[in-house]
Amino acid sequence: MEIKVLPDLSQAVAKALYERLKRGGNFGFPTGRTMDPIYSHLVELHQAAPLDPGRVHAFMVDEYVGLSENDPRSYHSYLSERVFRPLGITQVHSVMKPDYDQLIASLGGMDLQMLGLGLNGHIGFNEPGSRKFSQTRLVQIAESTRQANASLFNSLAEVPTQAMSIGVGTILAAKEVWVIASGASKNKIVKQLRTSTETAKLPASFLKGHRKSVLWLDSASASH
Ligand code: GLP
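The following paragraphs examine the structure supplied in this document.

What counts and how
- Residues numbered from 1 in each chain as written.
- Predicted model: local features only at pLDDT ≥ 70, side-chain atom pairs only at ≥ 80, totals over all residues.
- Heavy atoms only, no water.
- Near = heavy atom within 4 Å.
- Polar contact = N/O pair within 3.5 Å; in protein donor to acceptor, adjacent residues only side chain to side chain.
- Areas by Shrake-Rupley, 256 points an atom, 1.4 Å probe, with all protein chains shown as cover.
- Nonpolar A, V, L, I, M, F, W, Y, C, P; charged D, E, K, R; others polar.
- Pairing = 2+ DSSP bridges.
- Helix = DSSP H or I, 4+ residues; strand = E, 2+ residues; numbered from the N terminus.
- Buried < 20%, exposed > 50% of the residue type's maximum accessible area, 1.4 Å probe, protein only.
- Contact = heavy atoms within 4.5 Å.
- Expected span 1.5 Å × (residues − 1).

This brings us to the site of the ligand. Taken together, 14 residues form the shell around the ligand, and within it Arg 33, Thr 34, Asp 62, Asn 149 and Lys 186 come nearest. With respect to the ligand, the side chain of Asn 149 contributes an N or O atom lying 2.9 Å from an oxygen atom. Relative to its unbound accessible surface of 400 Å², the ligand loses 93% to contact with the protein. Looking at the shell around the ligand, its residues break down into three nonpolar, eight polar and three charged.

The following block contains the structure:
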């Protein structure tokens, strides 16, 4: 796993992503606070020199179960608002679609799978205990993850308990994988990830076996 530490992480990831999107292909878009400034910079780059959205297939990473697609708290809404609409991407594939992994494969496989990093080492909603070759499936959201995401809801009770998530196996099948972590809250899990061997206790560790995976960090998340 290659590690990049960049003080201007959001701009650097946005620029690198923009260059990839120019070439077109299949991209897995994550949600989360980490991605907010990255997507803002990406939209700025697109406004300055527009990308051809027709060359891009966008795939979701995960989605809450129990929220409608149009619910402002759904990951579909998050991505539509910050990425798909601003960039004009219409070839959007919801993780709720049946046979999602087969769909990705039938379109030529994932060229670039981007991911955030959960405080407990989750990727997508592959919580600790997820299997290395897991596929897209219904999952239970860990209590600590529900708490970490509760600020986006009115109360903890409103945070869904289940989600659809691409699997660890789905991620490992991608041609390239980027994990992005920013801020001091992530420095502990980043340190654990760096020192860990592959283990289901820390799902992101399975990416160490991937031929082309990059861990993108800022100074704060790399500070340990
Ligand atoms: C959430 C999502 C992940 C996301 C991660 C990090 O629970 N399921 O897809 O990547 O946690 O989120 P954040 O960037 O807000 O820390």
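There's plenty left to go through after this.
Pairing in this open sheet of seven strands is parallel, and the strands run β1-β10-β9-β6-β2-β3-β5 from one edge to the other. The open sheet has two edge strands, β1 (2-5) and β5 (92-93), and neither has a second partner. When strand β9 (residues 177-181) meets strand β10 (residues 213-217), the two strands line up parallel, connected through five bridges. Each residue of the ladder has a partner; that of Trp 178, found in β10, is Val 214.

Next up on the list: the side chain of Asn 187. For Asn 187, the location among the structural elements is in helix α7 (residues 187-195). Using a relative accessible area of 14% as the deciding quantity, one classes Asn 187 as buried. Reaching out from Asn 187, the side chain makes a polar contact with the side chain of Ser 223 at a distance of 2.9 Å. For Asn 187, the contacting residues outside a window of four places in its chain are Ala 220, Ser 221, Ser 223 and His 224.

A word on helix α2 (residues 35-48). The end-to-end C-alpha distance of α2 is 20 Å, a good match for the 20 Å that 14 residues give at a rise of 1.5 Å each. Considered for burial, the residues of α2 that qualify are Met 35, Ile 38, Tyr 39, His 41, Leu 42, Val 43 and His 46. Looking at the buried positions of α2, the neighbouring elements they touch are α1 (9-23), β2 (25-29), α3 (75-87) and β9.

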